[in-house]
Amino acid sequence: MGETLRRGRERVPGMCIKCKVTKPSVTIRQSLYCKECFIKTSIVKFRTGQSRLRKDTPHLQTKALVAFSGGATSSAMLKLVVDHQNSVRKDVDSTPAYTGIVIGHIDETCLFPEAPEEEIRAISGESGLLYKTVGVEEVFTLAGGRRTALIEIVQASIAPGAERDQFCARLVRPASSASHKEYLKALFSSLGSTTDREAMLDVIKRFLILQLARETGCGVVLMGDSGTRIATKTVALTSRGRGFSLPIEVAAKSQWFGDVSVWRPMRDFVAKEIVFFNYWTGQRSAVVPTFTTGEARLGSIDRLAEAFIAELDQDFSSTVPTVCRTMQKLEPHDEALSALPCLICGMPADDNAQAWRNRLTISSNDAEDGSIRSSPSATLPESSLLASDNTSSLLEIARAVCYACQSLLHHASPGMVLPEFCVERLGAQDVSGRSAQGTTGAQRETLRKQIDEFLLKDEDGACDNSAVY
Amino acid sequence: MPRQCDICQRARAIIRRPKTGQRICKECFFHVFETEVHHTIVDGRLFSPGDRVGIGASGGKDSTVLAYVMKTLNERYSYGLELFLLSVDEGIAGYRDDSLETVKRNKEQYGLPLMIVSYEQLYGWSMDSIVEAVGRKNNCTFCGVFRRQALDRGALMLDLDHIVTGHNADDVAETILMNLLRGDIPRLGRCTEITTAGDGYMGRSKPFKYAYEKEIVMYAYLKRLDYFSTECTYSPNAYRGYARQFLKDLESVRPSAIIDIIHSGEAIKVSEEVQAQKPSSCERCGYISSNAVCKACALLEGLERGIPKLGISRSAKHFERQAVEPVHFERLREKAHEMRRRRMCGDSNPCTTTSCDDSCHGTTCACTTDDDGAGGCH
């Protein structure tokens, strides 16, 4: 027996590392695999990963939403999930991994008219699963189709690093004539850079996917972030100042969103493995356009991070697995777990972010007396998308916005209109159970009072405030 | 038409500030740069009045600007510090000998006492001789390990309370990225700290932690400071080269990214189970070490035995023979205590109160050296 085991571990030069009798077809991190063994290994690896994710909740019985963009990783994930679900052995008393699987897709045609929606629908159709899709512009509609209020950023500071950064917003009622698409296009054209547009799209897609999961009764969302993507995200999010929420955003399993758990079962696969898996199993995938498709490496921070990881991985092939392992060892700060969600991204907002920046980047000579140079009312814009008969007092929202989203606001045009979920988060902050303390709590209460008339109460059938992420 | 300064609204703007994107005039740039460093010092509680602070001076842009700014702020805000220039001579011909000439000029320009400690004096090896023995690969390991310890040795010879180094925001951001990519979790937790314990005897800090490299260069240029700008003649680190290039690219995409990375690094929390083990002392030289024998002693042993690569790739505990014996840190600390005691009693010490290029060599001033090279004065 011992002899057999030892022989099992030995490598046969020039042969597949698993079966040892077939000529290899692919090299994955210095290991050679034949086609059949590679496919088998990938399936086993995925199932092992699933078991690991269920370690804390082995008897979890819930539906899962597969977040499906149509790209290579989410297509591979779809195939693997379906395969796992159908692998229940009839001869023993076992149950499928999930009580049901739904495919959730965000239709980005509004931003990218060339998006291959038909192809994506066809790929998902091959699985025979329920396919739910929602347009990215639908972020400007709350569940139930009501339109309540939007947040208009009327002033985003004077300059980066002013003594008291001002992030002033006001609540406005949307003009009845404007369409969701117009709002969405206006939002993206207000953003200052491609990096910010990518960040905002990620935020919106995450919100919509979570909404889809809630609507379809799924307790788990499966995100198709490969190991390569995790490494890229780690570098990009760190570079965007998102260290506070980084452990949540790349975690294998995150409970941050309360009622919906977000899992990343593809993190054990590098991009090369996914490409070969799809090719050899005949899994189709689509080419999904992004803001930097076809652009040079300096197109945005995400694009640069992707190029950087790809180059580094060529010379140091252990880079991606190392970064993924490093991320597993990080954990969110206690303060992050009890922090309130940022108005814009829904990730924990660091209370000290603004003070930290102001102390280290001075942009006025009179900084030390704490004076503000210009008055907010001087720059109030008029937007055709908003109902003009509605005026409300200005809200100081700096403390409700995380460090990275403050940077986003710095570079945005005045008059930027944010979706309704921002209003919800603003209103939810003191009732969400993640209550703030001390003076911050008092400030948030003041904020809440200011927006009270715009908040839907439970009897109006509004969605649960505690779940606005 | 010339553009006005975004800050004072009066003078003509001459630079676009990388950190904020503002167009500002020369005087406003000096003001904000110096005030930000002052904030870093005050918020980090780096010093106490009466502290003897050594400025790690290489003659390069960072340390030259650091010396100038420290002197300026010490006078402007009455920190009450006694400042010293402390240089390490690694023994690299055509590089360090030229840069040390710059440091010597800085000593005159700023009126600060200077001490130079050399690898040859401390360890019996110069970098040129080390490169001759080990080749061009991996020699940066020797230089880095020895430099860190040499600074602490020099600081003890001068009985300093604190050492400040010219590490800037770019260096810190690069280190955060490197540690993330290498998976060096304990260092990831430590690298953003503004003050580190040094050898456990004195603090070591980075007042330029939030100052952009570009702004330091601008400051040196606009103040017409005298600094030395040549890369080290020995090979740069390939892996760090990737991180550096990425950072430069990142800065061109979003100039604030450097400070954003530092914000991220400070916010990242390392799980307690992977926190670094508690350091102890090297059983040979008494320097802070997480192993029984510190890295410098291990490398020295390897050099002496003619197998320097062992010192890099294997644990020090495999070595049995001690080939070189640098002065024990306990002895240096005793000397420092003695110097402090004498100072308290009003017994002036020429080595630490006058400017002296070769203090503890007994060549150009009244100070003399112990036979064992431990420094201090008789």
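Because the structure is a prediction, the values reported are computed rather than measured. (Residues numbered from 1 in each chain as written. Chains lettered and ligands numbered in written order. Predicted model: local features only at pLDDT ≥ 70, side-chain atom pairs only at ≥ 80, totals over all residues.)

A. Summary view of the overall build of chain B. Regarding its fold elements, chain B presents 15 helices and 11 strands. Taking all 378 residues of chain B together, 50% fall into the buried category. Intrachain contacts of chain B at a sequence separation of at least 6 include 68% that bridge at least 24 residues. (Helix = DSSP H or I, 4+ residues; strand = E, 2+ residues; numbered from the N terminus. Buried ≥ 20, exposed ≤ 12 C-beta atoms within 10 Å, placed from the backbone. Contact = placed C-beta atoms within 7 Å.)

B. Seen up close, the overall build of chain A. From N to C terminus, chain A includes 16 helices and 13 strands. Relative to its full complement of 469 residues, chain A shows a buried share of 47%. Of the contacts made within chain A by residues no fewer than 6 positions apart, 77% connect residues no fewer than 24 positions apart.

C. Focus on the sheet that holds strand E8 (residues 218-222) of chain A. Residue and element names in this part refer to chain A. Pairing within the open sheet is mixed, and its six strands lie in the order E5-E4-E3-E8-E10-E9. The sheet is open, and its two borders are formed by strand E5 (130-135) and strand E9 (253-254), each paired with just one other strand. Bridge analysis of strand E4 (residues 100-107) against E5 gives six bridges, and the strand direction is parallel. Considered in E5, the bridge of Gly104 is made with Lys132. On the sheet, helix H3 (residues 72-85) packs against strand E3 (63-67), E4 and E8 and is oriented at approximately 155° with respect to E3. In the packing of helix H6 (residues 194-215) onto the sheet, the strands contacted are E3, E4, E5 and E8, and the crossing angle to E4 comes to about 145°. (Pairing = 2+ DSSP bridges. Axes fitted to C-alpha atoms, helices over the stretch in contact; angles between N-to-C directions.)

D. Representation of the environment of Asp260(B) in the model. Residue position: Asp260(B) is located in helix H11 (residues 257-267). The buried category is assigned to Asp260(B), around which 25 C-beta atoms lie within 10 Å. When the C-alpha positions of Asp260(B) and Ala173(B) are compared, they lie 8.7 Å apart, and in sequence the two are 87 residues distant. Dropping the residues within four chain positions of it, Asp260(B) is found in contact with Ser239(A), Arg240(A), Gly241(A) and Ser407(A).

E. How the structure looks around the sheet that holds strand E4 (residues 82-89) of chain B. Residue and element names in this part refer to chain B. Taken in spatial order, the six strands make up an open sheet running E5-E4-E3-E6-E8-E7, and their pairing is mixed. Every interior strand has two partners, whereas the edge strands, strand E5 (114-118) and strand E7 (195-196), have only one. The sheet contact formed by E4 and E5 spans five bridges and is parallel. What sits directly across from Val88, in E5, is Val117. Its contacts with the sheet put helix H2 (residues 61-76) on strand E3 (52-56), E4 and strand E6 (162-164), and the angle it makes with E3 is roughly 155°. Contacts between helix H6 (residues 139-157) and the sheet are confined to E3, E4, E5 and E6, with E4 contributing the most and set at about 140° to the helix.

F. Highlighting the UniProt feature "binding site: ATP" (unreviewed entry) in chain B. Residues and elements named next belong to chain B. The UniProt record marks Gly56, Ala57, Ser58, Asp62, Val88, Gly166 and Asp171 with the feature "binding site: ATP" (unreviewed entry), using the residue numbering of this structure. Using a count of 31 C-beta atoms within 10 Å as the deciding quantity, one classes Ala57 as buried. If sequence neighbours within four positions are ignored, Ala57 has contacts with Ser63, Ala67, Leu85, Leu86, Ser87, Val103 and Asn106. Tracing the sequence through the fold places Val88 in strand E4. What makes Val88 buried here is the crowd of 25 C-beta atoms within 10 Å. (UniProt positions renumbered as here; feature names shortened; annotations may be inferred.)

G. Quick peek at the confidence of the model for chain A. Residue and element names in this part refer to chain A. When the pLDDT values of chain A are averaged, the result is 81; 77% of them are 70 or greater. Taken as a whole, residues 1-6 scores under 50 in pLDDT and shows zero contacts with residues more than four places along the chain or in a different chain. Counting interchain partners and residues more than four positions distant, the pLDDT-below-50 stretch residues 430-440 has 17 contacts. (pLDDT = per-residue confidence, 0-100.)

H. Layout of the nonpolar core. Counting residues in each nonpolar core, the largest one holds 217 residues, and the members touching the most others are Val66(A), Val221(A), Leu222(A), Val401(A), Cys402(A) and Ile55(B). Per-element tally for this core: the top contributor is H6(A), with 11 residues. Look past the residues within four positions of Val401(A) in its chain and what remains in contact with it is Phe167(A), Cys342(A), Leu343(A), Ile344(A), Ala349(A), Gln406(A) and Leu409(A). If you look at the next biggest cluster of nonpolar residues, it comprises six residues, including Leu32(A), Tyr33(A), Cys34(A) and Phe38(A). (Core = buried A, V, L, I, M, F, W, Y, C linked by C-beta atoms within 7 Å.)

I. Seen up close, helix H2 (residues 35-53) of chain A. All names here are of chain A. With 19 residues, H2 extends 27 Å from end C-alpha to end C-alpha; this agrees with the ideal 27 Å at 1.5 Å per step. Turning to H2, its buried residues are Phe38, Ser42 and Phe46. Taken around the axis of H2, the buried residues stretch over an arc of 75°, which confines them to a single face. Exposed side of H2, more than 90 degrees from the buried face: Val44, Thr48 and Ser51 are the residues found there. In this structure, the buried residues of H2 make contact with strand E1 (26-28), strand E2 (31-33), H3 and helix H9 (271-281). (Expected span 1.5 Å × (residues − 1). Arc of directions from axis to C-beta.)

J. Examining the pairing of E4(B) more closely. Residue and element names in this part refer to chain B. Among the eight residues in E4, seven count as buried, and that is most of the element. Pairing of E3 with E4, which is carried by five bridges, proceeds in the parallel orientation. Each residue of the ladder has a partner; that of Ile55, found in E4, is Leu85. This β-α-β element, E3 to H2 to E4, shows right-handed connectivity. On the question of chirality, the crossover connecting E4 to the parallel E5 by way of helix H3 (residues 96-110) is right-handed. (Right-handed = clockwise from strand over helix to strand, strands pointing away.)

K. Spatial organisation of helix H7 (residues 169-182) of chain B. All names here are of chain B. The first and last C-alpha atoms of H7 sit 20 Å apart over 14 residues, in line with the 20 Å expected at 1.5 Å per residue. Of all 14 residues in H7, 12 are buried, a share of seventy percent or more. When we look at burial in H7, the residues that qualify are Ala169, Asp170, Asp171, Val172, Ala173, Glu174, Thr175, Ile176, Leu177, Asn179, Leu180 and Leu181. At the C-terminal side of H7, Gly183 shows a positive phi close to 75°.

L. Just the confidence of the model for chain B, in detail. Residue and element names in this part refer to chain B. For chain B, per-residue confidence averages 80 on the pLDDT scale, and 82% of positions sit at 70 or higher. This stretch, residues 313-323, has a pLDDT under 50; its non-local contacts, to residues over four places away or in other chains, come to 19 contacts. Low pLDDT, under 50, characterises residues 350-378; the stretch is placed with 61 contacts to residues that sit more than four places away or in other chains. Interface confidence in the predicted complex, given as ipTM, is 0.85; pTM for the same model is 0.84.

M. Highlighting the interface of chain A and chain B. Contacts between chain A and chain B engage 40 residues on the former and 41 residues on the latter. When contributions to the side of chain A that touches chain B are tallied by element, the ones reaching two or more residues are helix H7 (227-239), helix H10 (301-315), helix H11 (319-328), strand E11 (330-331), helix H13 (353-360) and helix H14 (403-410) of chain A. Among the elements that line the side of chain A that touches chain B, the one with the most residues is H11(A), at five residues. Where E11(A) meets strand E9 (residues 269-270) of chain B, two bridges bridge the pair, whose relative direction is antiparallel. Counted as the bridge partner of Leu330(A) is Val270(B) from E9(B).

N. A look at the packing of helix H5 (residues 127-134) of chain B against H6(B). Residues and elements named next belong to chain B. H6 packs onto H5 with a crossing angle of 145° between their chain directions and a minimal axis gap of 9 Å. Crossing geometry of H5 relative to H6 is assigned as right-handed. Here H5 contributes Met127, Ile130, Val131 and Val134 to the contact with H6, which in turn contributes Asn139, Phe142 and Cys143. Of the residues contributing to the contact of H5 with H6, the split by class is six nonpolar, one polar and no charged. (Left-handed = near helix turned anticlockwise from the far one by under 90°. Nonpolar A, V, L, I, M, F, W, Y, C, P; charged D, E, K, R; others polar.)

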